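A closer look at the structure
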Amino acid sequence: MKLSKIVIASCLVLTGFGASAQKAARDAKMDAYINKLMAKMTIDEKIGQLNLPSIGFDVTGPILSQGVEEKIEKGMVGGVFNTYTPNAVRKLQELAIKKTRLKIPLLFGYDVIHGHRTIFPIPLGLSASWDMPLIQKTARAAADEATADGLNWVFSPMVDIARDPRWGRVAEGGGEDTWLGSQIARAMVKGYQGENNDLRREDAVLACVKHFALYGAAEAGRDYNTVDMSMRKMTETYLPAYKAAVDAGVATVMSSFNEINGVPAAANHWLLTDLLRNQWGFKGMVATDYTAIMELKNHGMGDDAQVAKLALVAGNDMDMVSDLFIGELKKLVQAKKLDVKYIDLACRRVLESKYKLGLFDDPYRNISENRAKNNIMNAEKLALAKEAAEKSMVLLKNDNNTLPLQAGKKIAFVGPMVKNQRDLIGNWSGAGDWKKAISFWDALQAQYPSNKFTYAKGCNILDDKALIDKLNPHDAQIVLDSKSPADLIKEAVETAKDADVVVAMMGEAFGMSGEAASRSDISLPANQQNLLKALRETGKPIVLVLMNGRPLTLQWEHDNTAAILEAWFPGTKAGDAIADVLFGKYNPSGKLSMTFPRSVGQIPIYYNAKGTGRPFNDEQKYTSKYLDIPNTPLYPFGHGLSYTTFGYSAIKLSKTSIRNGERFTATVTLNNTGKYDGEETVQLYIRDMVGSVTRPVKELKGFQKVFLKAGESRTVTFNVSTDDLKFYDINMKYTTEPGDFKLFIGSSSADVKEADFKLL
Ligand code: BGC
């Protein structure tokens, strides 16, 4: 070995050793600080640290926290959420620092879900970008704005794998797939906390992975509903995304509302202690969800005292809004029904979080009017919002190259979303201001001032009064047009008749997805369908642009329109981004992260299902199928078109049989066979043909985003290792089993080339 190599090698060893020694020294310093502080604390002060009330601008549950300022002064609060802006945060922090005996600073949390002030597409949309550096950047930008606004803790990422689009909260997550969801979890944690998890940097926040666990598997897609699931299914499918966040160093975890196999997550010792801390090695802090401890009473887990004890002993450190830790824990200790060690442990974890943020050195560290002025909604963030919106849009169909639109043609823009602003930033849009979102119509006027585009509203976003009455108290701002539905449609049809192409912009009101927004029918609202049917009668080609928070059932729309662009709720820069995609300034590249069913009757439907003993066969009666619709979805996981076309060669494998520990490459040549430059997401799936337990028909194991100029081609190479073949065997051991495998490469889970290989 050359000397230089020896020197480098020994430096690496020393650096590795040095880093762990440095960490040990930092931990020892933190322990000493917290030991000293806790030695001074009364039991009331310790319990106070476990209290997390809401004060400020928003509420997300039926209960409101009461008397929070007085409680802060009395040392009965460890952190608050729903307060932001430097001014508002400073006032509350001053109460803690100036009025309490030990001057312990507060945590300031908030639901920063897809941006703080600059709003990016909803997470389901962002996940359709399949672009991890982009997703990480959006989280980074959100952390920068949140910290500039006084916050130090965000209740994100939400990584609940979900396969039931009736559940409104699919909007907040990364879709149905475990592998993709795990990549997103990692990217978001790194984005919020910074690449090295150095929480002391002024633009880093504590991230909070939620909702632990399995919240996305609520029965029948009804929010907060029961979850009952085999250990195998949760281990294989639902838990890895949370684990990925933990492995990425996420600082906090939020326990979920749902029960799991008979024990609510908030009272679940196995989940919060045995699994999360003991098996996964999570060292941070756990907070409950909103009033989740109080809700344990509704679950039938006992009275106030019982549920407070259950929640603490299970492993929750902070009580969000229930006030039951401050109400019950001391009495339990005095009655010798609770070991004080649990309070000490939880208190220590809360204090550690504050210490890691550097709040003991500077409780006002996130409060800077200057940063707020310079960093919030600056040009860089708005440009990122536009890029993210463009990259998240999915072109679902495009017959006869109807898109991109040609600006010189006569185009009629019709529908309740054309001039809409209220809904563009979607649900859980934090401190985002919908009035700052760019409507499509405004963007169009700005970009094409001299073109004569026509417009007709065509219908209200909803006509269903009962639904409007549910949404409007929550700021939906749905105002019915003074014209009757029939007149609105008539006007739209007249407008359409005069055009070469009709662009119908439709979707959900933002409150139709998100929390407590489950739907049993996930089609477009009936009045929008009526408009579309009337437009269809004109015989003009229809481009449907959708803004919504979940997969919708779109069979009729698919059969009767020329093109469909899924834009999700695109965020602050919605209008600009949609205009750029429609007119071809940006060639769409998004791919679905969640299956679009043909009908709600197919739900749950997801690409990596098991094969069954009687796989579908049209010629035989006794096979697994529906009598009335195909088994296949309308749009499969991974689907998304481009204005150009991509050709895939056959797959070449560097080896067709491998031994454990070996690697091989799988290669295809990707060819841009169309007229436009464009980006393709090349997807790799694997199937294990024989196992000690049944294996899914396909599992995503990798992807590459490849940009090709028109006519260009490139070799795309995936490295496959035997780690990619591991699964939980019959004994729940994570391992490989020898045998036959199939490898697929393609443009969606349903459009692939395949090759065979063997693990010896
Ligand atoms: C939601 C959480 C959210 C919390 C605080 C709850 O209702 O389930 O996702 O973080 O409220 O606003």
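Since the structure is predicted, the reported quantities are computational estimates derived from the model, not experimental observations.

1. A few points about the pairing of strand β11 (residues 394-398)
Extensive coverage of β11 is indicated by the burial of 5 of its 5 residues. Examined bridge by bridge, β11 and strand β16 (residues 563-566) share 4 bridges and lie antiparallel to one another. Within β16, the position partnered with Asn398 by the bridge is Ala563.

2. Concerning the layout of surface pockets
The volume enclosed by the second largest pocket comes to roughly 1400 Å³. What lines the second largest pocket is a set of 50 residues, among which Asn427, His474, Asp475, Phe510 and Gly511 lie closest to the centre. Looking at the lining of the second largest pocket, the elements with two or more residues in it are α18 (465-471) and α20 (526-537). Among the elements that line the lining of the second largest pocket, the one with the most residues is α18, at 4 residues. Within the lining of the second largest pocket, the residues separate by chemical class into 23 nonpolar, 14 polar and 13 charged.

3. A word on the environment of Ser713
Looking at where Ser713 falls in the secondary structure, it is placed in strand β23 (residues 713-721). Along the backbone, Ser713 and Phe646 are 67 residues apart, and their C-alpha atoms lie at a distance of 9.1 Å. Those residues in contact with Ser713 that sit more than four places away from it in its chain are Thr669, Leu670, Asn671 and Leu708.

4. So, helix α13 (residues 324-334)
Every buried residue of α13 is accounted for by Leu324, Phe325, Glu328, Leu329, Leu332 and Val333. One side of α13 holds all its buried residues, which, seen down the axis, span an arc of 130°. Among the structural elements, α2 (43-49), α11 (292-298), α12 (304-314), β10 (319-320) and α14 (340-357) are those in contact with the buried residues of α13. Remark: Lys336 follows α13 within two positions and exhibits a positive phi of approximately 60°.

5. Notes on the packing of helix α17 (residues 440-447) against helix α22 (residues 574-582)
Interaxial distance between α17 and α22 falls to 7 Å at its minimum, and their mutual angle equals 60°. The angle between α17 and α22 places the two elements in the oblique class. By crossing handedness, the relation of α17 to α22 is classed as right-handed. Contacts between α17 and α22 involve Phe440, Ala443 and Gln447 from the former and Gly575, Asp576, Ile578, Ala579, Asp580 and Leu582 from the latter. Here the residues of the contact of α17 with α22 are counted per class, giving 5 nonpolar, 2 polar and 2 charged.

6. Comments concerning the UniProt feature "domain: Fibronectin type III-like" (unreviewed entry) in the protein
Using the residue numbers shown here, the UniProt feature "domain: Fibronectin type III-like" (unreviewed entry) corresponds to residues 680-749. The distance from the first to the last C-alpha atom of residues 680-749 is 14 Å, and the span holds 0% helix and 60% strand.

7. Topic: the site of the ligand
In the vicinity of the ligand there are 14 residues, among which Asp111, Arg169, Lys210, His211 and Asp289 approach most closely. Within the side chain of Asp111, one N or O atom sits 2.5 Å away from an oxygen atom of the ligand. Contacts to the ligand include Lys210, whose side-chain N or O atom sits 2.8 Å from an oxygen atom. Protein contact buries 100% of the 310 Å² of open area that the ligand shows by itself. Split into classes, the residues belonging to the shell around the ligand amount to 7 nonpolar, 2 polar and 5 charged.

8. Topic: the side chain of Arg519
Among the structural elements, Arg519 can be located in the loop between β14 (501-507) and α20. For Arg519, a relative accessible area of 15% puts it in the buried group. A distance of 2.8 Å separates polar atoms of two side chains, one belonging to Arg519 and the other to Glu508. Setting aside chain neighbours within four positions, we find Arg519 in contact with Arg166, Glu508, Met512, Arg550 and Leu552.

9. Observations regarding helix α10 (residues 269-279)
Those residues of α10 lying buried are Leu271, Leu272, Thr273, Leu275, Leu276 and Arg277. A positive phi of about 75° marks Gly281, the residue just after α10.

10. What about the nonpolar core?
Core analysis: the largest hydrophobic core is formed by 137 residues, its most contacted members being Trp153, Leu329, Leu405, Phe413, Leu535 and Leu582. Here this core gets 7 residues from one element, more than from any other, and that element is α14. Not counting residues within four places of it along the chain, the set of residues in contact with Leu405 comprises Ile411, Phe413, Val501, Val503, Val543, Leu582 and Phe583. Of all hydrophobic cores here, the second largest spans 77 residues; its members include Val77, Ala139, Ala146 and Leu214.

11. What to know about the sheet that holds strand β22 (residues 699-708)
With mixed pairing, 5 strands are arranged side by side in an open sheet as β19-β27-β26-β21-β22. On the outer flanks of this sheet lie β19 (657-658) and β22, each paired with one strand and no other. Sheet topology note: the strand β26 (residues 739-748)/strand β27 (residues 751-759) ladder contains 9 bridges and is antiparallel. When the bridges of β27 are listed, Leu743 appears paired with Ala755.

How each quantity is defined
Chains are numbered independently. Their residues run from 1 in the order of the written sequence. Only residues with pLDDT of at least 70 get local features here, since the model is predicted, and only at 80 or more are side-chain atom pairs given and counted; chain-wide, interface and lining totals rely on the full set of residues. Computation of side-chain values: all heavy atoms of the structure, hydrogens and water removed. Each residue is placed in one exposure class: buried if its accessible area under a 1.4 Å probe, protein chains only, is under 20% of its type's maximum, exposed if it is over 50%, and partly exposed if it falls in between. Under the scheme used here, helices are H or I runs from DSSP no shorter than 4 residues and strands are E runs no shorter than 2 residues, and both carry numbers assigned from the N terminus. Should DSSP find at least two bridges between two strands, the strands are regarded as paired. Lining residues are those with an atom within 4 Å of a point, where the points come from a 1 Å grid over the protein atoms alone and group into cavities, where a 1.4 Å probe fits but cannot get out, or pockets, open sets with protein on both sides within 12 Å along at least five of seven lines. Grid points are joined across faces, edges and corners, and a volume is the space filled by probe spheres set on the points. In this classification, the charged set is Asp, Glu, Lys and Arg, the nonpolar set is Ala, Val, Leu, Ile, Met, Phe, Trp, Tyr, Cys and Pro, and all remaining amino acids, among them Gly, are polar. When checking whether two residues touch, look at their non-hydrogen atoms; a contact exists if any pair is within 4.5 Å. This arc describes the spread of directions from the helix axis toward the C-beta atoms. An axis is simply a line fitted to the C-alpha atoms; with a helix, the fit covers only the stretch in contact. Between two such axes, the angle follows the N-to-C directions and lies from 0 to 180 degrees. For classification purposes, an angle smaller than 35 degrees is called roughly parallel, one larger than 145 roughly antiparallel, one from 65 to 115 roughly perpendicular, and anything else oblique. Should the near helix be turned anticlockwise from the far one by less than a right angle, the crossing is left-handed, and should it be turned clockwise, the crossing is right-handed. UniProt positions are given in the numbering used here, feature names are shortened, and annotations may be inferred rather than shown by experiment. Summary of the distance rule: residues count as near a molecule or strand when at least one heavy atom falls within 4 Å of that molecule or strand. Nitrogen and oxygen atoms within 3.5 Å of one another constitute a polar contact, given that in protein one can donate a hydrogen and the other can accept it, and given that sequence-neighbouring residues count only through two side-chain atoms. Accessible surface area values rest on a Shrake-Rupley calculation with a 1.4 Å probe, where residue burial reflects the displayed protein chains alone. Nonpolar cores were defined as sets of buried Ala, Val, Leu, Ile, Met, Phe, Trp, Tyr and Cys residues, with membership established by side-chain atoms within 4.5 Å.

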